[in-house]
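# Overview (structure and organization)
One-letter residues, chain by chain:
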Amino acid sequence: MTKLRSISKATDPAPSKGRGFSRVDRSGFTLVEICIAMGLCMLLLGIATLSFTGLQDEARLKRSASEIESTARLTLQQAVMEQRLIALALDGSLAGDGGQVQVKRVGDKAFRKAGKGENWEFSPSGICEPIEVRVTNSGGVIELAFDPLTACAVRKSVIVNS
């Protein structure tokens, strides 16, 4: 019987001091600590979401740039294979959804809006007209300068709106 009492006395809480509350040893977090941790998690989640959205816009712009470049190369190949002059329309078809196309031809000092019916010519001799293209849409701006011999973009610039 004494053994039993000594065990029960060892697990009893320490005697109370002050107002009559007994001090009980509890493990865990307080409500304030939990709220602070949740607030920090929400802040990190918000930052990650904004960063991810910017990455998606940048990927969309780079995809548009590569589509324009591959269209130019394919058009040049088609002109050589068919031995005829092929014109690629610049009046908005390159911009995709809701975009605006601006061009800068040899001799132009600045980009200007592509006029209605304005074309980019690819000759059967394997040379395309040297041109710079700027596509602007809600995600940002793409600028491409094309090499007249290969129809490949020699300068690329992608600017994402954030």
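Each remark here, short or long, concerns the structure printed above.
Heads up: these notes are all about the structure in this document. (Residues numbered from 1 in each chain as written. Predicted model: local features only at pLDDT ≥ 70, side-chain atom pairs only at ≥ 80, totals over all residues. Heavy atoms only, no water.)

## A look at the overall build of the chain
- The helix and strand inventory of the chain stands at two helices and seven strands.
- Taken from N to C terminus, the helices and strands of the chain fall in the order α-α-β-β-β-β-β-β-β.
- The buried share of the chain, reckoned over its 162 residues, is 25%.
- Considering only residue pairs separated by 6 or more positions, the chain has 51% of its internal contacts joining residues 24 or more positions apart.
- Accessible surface computed for the chain: about 11,600 Å², of which carbon and sulfur atoms make up 59%. (Helix = DSSP H or I, 4+ residues; strand = E, 2+ residues; numbered from the N terminus. Buried < 20%, exposed > 50% of the residue type's maximum accessible area, 1.4 Å probe, protein only. Contact = heavy atoms within 4.5 Å. Areas by Shrake-Rupley, 256 points an atom, 1.4 Å probe, with all protein chains shown as cover.)

## Considering the pattern of salt bridges
- This model, assessed by the stated rule, comprises 10 salt bridges.
- Between Glu69 and Arg73 there is a salt bridge; the shortest N-O distance is 3.9 Å. Of this pair, Glu69 and Arg73 both sit in helix 2 (residues 31-82), separated by four residues, roughly a single helical turn.
- Residue Arg73 is classed as partly exposed on the basis of its relative accessible area, which comes to 33%.
- As a salt-bridge pair, Arg84 and Glu82 come within 2.6 Å of each other at their nearest N and O atoms.
- Since its relative accessible area comes to 39%, Glu82 is described here as partly exposed. (Salt bridge = Lys/Arg side-chain N within 4 Å of Asp/Glu carboxyl O.)

## Description of the sheet that holds strand 3 (residues 112-113)
- Taken in spatial order, the five strands line up as 3-2-5-6-7 in an open sheet, and their pairing is antiparallel. Both outer strands of the open sheet, strand 3 and strand 7 (153-160), are each paired with one neighbouring strand and no more.
- Sheet topology note: the strand 2 (residues 100-105)/strand 3 ladder contains two bridges and is antiparallel. Its bridge partner being in strand 3, Val103 is matched across the sheet by Arg112.
- With respect to the sheet, helix 2 is in contact with strand 5 (131-137), strand 6 (140-146) and strand 7, its orientation differing from that of strand 6 by roughly 25°. (Pairing = 2+ DSSP bridges. Axes fitted to C-alpha atoms, helices over the stretch in contact; angles between N-to-C directions.)

## So, the environment of Val160
- Along the chain, Val160 turns up in strand 7.
- Considering only alpha carbons, one finds Val160 and Leu55, 105 residues apart in sequence, at a separation of 8.9 Å.
- Discounting chain neighbours no more than four positions away, the residues touching Val160 are Gly54, Asp57, Glu58, Leu61, Gly139 and Gly140.

## So, unusual backbone geometry
- Positive phi, close to 50°, is recorded for Gln83, a residue that is not glycine.
- One non-glycine residue with positive phi stands out, namely Ala151, at about 60°.
- Take Ala151: it is sitting in the loop between strand 6 and strand 7.

## Considering the state of the cysteines
- Enumeration over the complete set of coordinates arrives at zero disulfides.
- Lacking any disulfide linkage, Cys152 is separated from the closest cysteine sulfur, that of Cys128, by 9.1 Å.
- Residue class for Cys152 comes out partly exposed when judged on its relative accessible area of 23%. (Disulfide = S-S within 2.5 Å.)

## Here we look at the packing of aromatic side chains
- Under the defined criterion, the tally for this structure stands at two aromatic pairs.
- With a centroid separation of 4.8 Å and an interplanar angle of 45°, the aromatic rings of Trp120 and Phe122 are classed as tilted.
- Aromatic pair Trp120 and Phe146: ring centres 4.8 Å apart, planes at 55°, arrangement tilted. With Trp120 in strand 4 (residues 119-122) and Phe146 in strand 6, this residue pair connects regions lying 26 residues apart in the sequence.
- One aromatic cluster is present, built from ring pairs that chain together Trp120, Phe122 and Phe146. (Phe/Tyr/Trp six-rings, centres within 6.5 Å; stacked < 30°, edge-to-face > 60°.)

Worth remembering: the numbers are spatial, not functional.
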